[in-house]
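# Breakdown of the fold
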Amino acid sequence: MEKDAEELRKDANIILIGAQGSGKSTQAEKLSLALGMCCVSSGDLLREEVDEQTSLGFKAKEYLEKGALVPDEILGAIVLERITQQDCLPGILLDGFPRTLAQARTLDRHLQRLGRSIDRAIYLEVPRAELLRRLSGRYLCRANQHIYNMYTSPPKKPGICDIDGSELYQRADDKGESVQKRLEIFFQETLPLLNYYRKQQKLVTINGYQDIDQVYMDVMHAIRDAFRTGG
Ligand code: AMP
């Protein structure tokens, strides 16, 4: 954990907003390691339900495969329950939730009941053509979902995870029409969130079209700034 992580993460509630391929999950992984915050990814929570073949997983599967938004009655409870757990007390880093205005409002109400509120919504901005290129090159490892990109961060050995040696695979929704559909949904449904958080003076936009470490430094700076200025 970084030197002043302890101070930074106290009650920190951060949302990462970004289209698929913006590097949001890569940054979330790095930040949660550095700051010891609880990283909650709605996509990961849903994929776990599908893998464990729960009834929620069965309902969510068809939406995931199509690249469509999973309805709030299926997803809402999973995320809200997760952020209420003990390990989220010191700080939450939300990756992929909220994705609609309705979800943002539900989240605000839920946090309010917990005596918390969002400190910063960080938007990773990346041009659409670059998003498409990155998504078509994205691979994950079977064992731990470590992320690679054939164009920007390839593994040392093709098809094999550098960290745990497991096989790399491409997500079904990173292929074909699903990619276009997911981006379309992002620009239509999720972009309005920017105004929602801008009005609350919580939005920070970061150029996500830079190398991973530079984006990371910019995001860290935004989080530090939030706490220097008292949120
Ligand atoms: P992600 O891993 O964040 O790209 O999410 C993968 C898929 O999970 C999305 O394409 C949606 O089908 C579903 N999903 C994740 N987060 C949400 C959300 N906040 N609202 C609705 N569906 C979601």
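Residues numbered from 1 in each chain as written. Predicted model: local features only at pLDDT ≥ 70, side-chain atom pairs only at ≥ 80, totals over all residues. Heavy atoms only, no water.

### A word on unusual backbone geometry
Where the residue is not glycine, phi is negative for most of them; where a peptide bond is considered, it is trans in most cases. Of the consecutive residues F97 and P98, the connecting peptide bond is found in the cis state with omega at 0°. Looking at the element boundaries, P98 is found in the loop between β3 (91–95) and α6 (101–113). Even without glycine at this site, Q53 takes up a positive phi of about 55°. Unlike most non-glycine residues, Q145 shows phi in positive territory, near 60°. Relative to the assigned elements, Q145 resides in the loop between β5 (138–141) and β6 (147–149). Given a relative accessible area of 30%, Q145 falls into the partly exposed group. (Helix = DSSP H or I, 4+ residues; strand = E, 2+ residues; numbered from the N terminus. Buried < 20%, exposed > 50% of the residue type's maximum accessible area, 1.4 Å probe, protein only.)

### Some thoughts on a positive patch on the surface
Taken together, the side chains of R105, R109, R113 and K199 define a basic patch exposed on the protein surface. With 3 residues, the top contributor of residues to the positive patch is α6. (Patch = residues over 30% accessible without salt bridge, like charges linked within 9 Å, V, L, I, M, F, W, Y side chains within 5 Å. Areas by Shrake-Rupley, 256 points an atom, 1.4 Å probe, with all protein chains shown as cover. Salt bridge = Lys/Arg side-chain N within 4 Å of Asp/Glu carboxyl O. Lys, Arg positive; Asp, Glu negative; His and termini not counted. Charge placed at Lys NZ, Arg CZ, Asp CG, Glu CD.)

### Here we look at the sheet that holds strand β8 (residues 203–207)
Within the open sheet, the 5 strands sit side by side as β2-β3-β1-β4-β8. Their pairing is parallel. Lying at the two open borders of the sheet, with one neighbouring strand each, are β2 (38–41) and β8. Averaged over neighbouring strand pairs, the angle between their axes works out to 20° when direction is ignored. In terms of strand pairing, strand β1 (residues 12–17) meets β3 through 5 bridges, oriented parallel. Within β3, the residue paired with I14 across the bridge is L93. Lying on the sheet, helix α9 (residues 192–199) is in contact with β1, β4 (120–125) and β8; it crosses β1 at an angle near 150°. (Pairing = 2+ DSSP bridges. Axes fitted to C-alpha atoms, helices over the stretch in contact; angles between N-to-C directions. Contact = heavy atoms within 4.5 Å.)

### Thoughts on the packing of aromatic side chains
In total, this model carries 3 aromatic pairs according to the counting rule given. With a centroid separation of 5.0 Å and an interplanar angle of 85°, the aromatic rings of Y196 and Y197 are classed as edge-to-face. Look at Y196 and you get buried, because its relative accessible area is 16%. According to the relative accessible area criterion, Y197 is buried, its value standing at 0%. By the ring-pair criterion, three or more aromatic residues cluster together here, those being Y123, F186 and F187. The residue whose ring lies beneath K30 is Y216, and the NZ or CZ to ring-centre distance is 5.0 Å. Looking at K66, its charged tip hangs above the ring of Y63, at a distance of 5.3 Å from the centre. (Phe/Tyr/Trp six-rings, centres within 6.5 Å; stacked < 30°, edge-to-face > 60°. Lys NZ or Arg CZ within 6 Å of the ring centre and 35° of its normal.)

### Here's the deal with the environment of I160
Tracing the backbone shows I160 in the loop between β6 and β7 (168–169). For I160, a relative accessible area of 30% puts it in the partly exposed group.

### Structural notes on the side chain of D95
Note on placement: D95 falls in strand β3. Among the polar contacts made by the side chain of D95, one reaches the side chain of S25 at a distance of 3.0 Å. Residue contacts for D95: discarding those within four places in its chain leaves L16, K24, S25, A28, V40, S41 and S42. (Polar contact = N/O pair within 3.5 Å; in protein donor to acceptor, adjacent residues only side chain to side chain.)

### Examining the site of the ligand
S42, R47, A68, V70 and R99 are the nearest of the 17 residues found near the ligand. Between the ligand and the protein, one listed contact pairs a nitrogen atom with a side-chain N or O atom of S42 at 2.7 Å. Here Q103 contributes a side-chain N or O atom positioned 2.9 Å from a nitrogen atom of the ligand. Protein coverage of the free-state accessible area of the ligand, which is 490 Å², stands at 97%. Examining the composition of the shell around the ligand, we find that 4 residues originate from one element, helix α3 (residues 42–51), more than from any other. (Near = heavy atom within 4 Å.)

### Considering α9
Restricting attention to buried positions, one finds in α9 the residues L193, L194, Y196 and Y197. Relative to the axis of α9, the buried residues are bounded by an arc of 160° and lie together on one face. Of the surrounding secondary structure, the elements contacted by the buried residues of α9 are β1, α6, β4, α8 (176–190) and β8. Q201 lies just past α9 and shows a positive phi near 60°. (Arc of directions from axis to C-beta.)

### Here we look at the sheet that holds β5
The 3 strands lie next to each other as β6-β5-β7, forming an open sheet whose pairing is antiparallel. Because the sheet does not close on itself, it has two edges, and the strands there are β6 and β7. Note that β5 and β7 share 2 bridges and pair antiparallel. If you follow L140 over to β7, its bridge partner there is Y169.

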